[in-house]
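# Overview (structure and organization)
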Amino acid sequence: MRGLAAALLLVCAACADAAAHAPGDTGIAPFVAHYQADWKGISVGTSDIQLAQGAEPGHYLYTWTITARGIFRVAYHDDLVQKSWLTAIGDHVRPEKYFGKEGGSTVELNFDWPNKRATGVSETKPVDIALNDGTQDVMSIQVEVMLDLKNGNLPKTFHIIDKDQLKEFNYAQEGSAKIRTALGELDTVIVTSQRVGNNRILRMWFAPSLGFVPVQAERSRDGKVEIAMRIKSLDHLVPIEPRLAPKLPAP
């Protein structure tokens, strides 16, 4: 995953998730959100994100699709698609499986928590990484951050597996701001994310009134905004009924 699509990935991977309180679970509710992507002030594409409840209680599938448009569609004609299968445990989420695809390049990861290993293939390269408690993939981290904000307990550091590497990111809350969006004027909480040793900073605006949905994000380098994501619409989906064990006939 490279070029423009990779840049979009860096922004969305840290910000494009949503969570709203749902009785009886950790606070994750199914949703679908749509964002517009701008590269240095030029509209370059759209981002569609969906969090779907699995058939089993506490299991979710998080899907993210980036579509280039205009002249950028010529260079990036294939959508970038990513999926993360995750499980909600208490007030946190744990990735179980990850899949990413852009053109002919794919990344597949399986998280073996009992043995504390993440294995798979990243663009033909084998992956075998030791897992620490709380390790996330580039998709599951989005849901984890939302839950942490909702519970008022955002860690300062996260370990995230990106392709075939385990990377460390620092997170910080900068304060609050009222901003105008396609959904109206919203009060937001501002969070920054930065990889250790990297001069790029990702700044995100989360809306508590929408269940801490991120409504805006900007990635900058040396104080200059390179890419921005702004929400266009948001819908909460009706959760599916949990799968129940079949009733056995009376003896």
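Up top is the structure these notes are about.
What you see is a predicted model, and the numbers here were worked out from it, not measured in a lab. (Residues numbered from 1 in each chain as written. Predicted model: local features only at pLDDT ≥ 70, side-chain atom pairs only at ≥ 80, totals over all residues. Heavy atoms only, no water.)

### Some points on unusual backbone geometry
Applicable threshold: Helix and strand definitions follow DSSP, with helices as H or I runs of at least four residues and strands as E runs of at least two, each counted in order from the N terminus. Whether a residue is buried, partly exposed or exposed follows from its accessible area with a 1.4 Å probe, protein chains only, as a fraction of its type maximum: under 20%, in between, or over 50%, in that order.
Phi angles above zero are rare outside glycine, and Lys-116 is one such case at about 55°. By the element assignment, Lys-116 lies in the loop between strand 6 (105-112) and strand 7 (117-122). Residue classification places Lys-116 among the partly exposed positions, given a relative accessible area of 33%. Despite not being glycine, Lys-163 has its phi angle at roughly 60°, a positive value. Looking at where Lys-163 falls in the secondary structure, it is placed in the loop between strand 10 (157-162) and strand 11 (165-181).

### As for the side chain of Ser-84
Operational definition: Polar contact is defined as a pair of N or O atoms within 3.5 Å, subject to the rule that within protein one atom must be able to donate a hydrogen and the other to accept it, and that residues adjacent in sequence are counted only when both atoms are side-chain atoms. Only heavy atoms matter for contacts: two residues are in contact if any of them lie within 4.5 Å across the pair.
You can see Ser-84 is positioned in strand 4 (residues 80-89). Looking at Ser-84, the relative accessible area reads 0%, which means it is buried. Of note is the side chain of Ser-84, whose polar atom sits 2.9 Å from the side chain of Asp-137. Contacts of Ser-84, omitting those with residues within four sequence positions, involve Tyr-60, Leu-61, Tyr-62, Lys-97, Tyr-98, Asp-137, Met-139 and Ser-140.

### Notes on the nonpolar core
For the record, the criterion: Among buried residues, those of type Ala, Val, Leu, Ile, Met, Phe, Trp, Tyr and Cys that are joined through side-chain atoms within 4.5 Å constitute a nonpolar core.
Counting 56 residues, the largest nonpolar core has Ile-28, Tyr-62, Phe-111, Val-145, Tyr-171, Val-191 and Phe-206 as its most contacted members. Sort the elements by how many residues they give to this core and helix 3 (residues 140-150) lands first, with 6 residues. In this view, Phe-206 contacts Val-145, Met-146, Leu-149, Asp-187, Thr-188, Val-189, Val-191, Phe-212, Val-213 and Pro-214; residues no more than four positions away in its chain are not counted.

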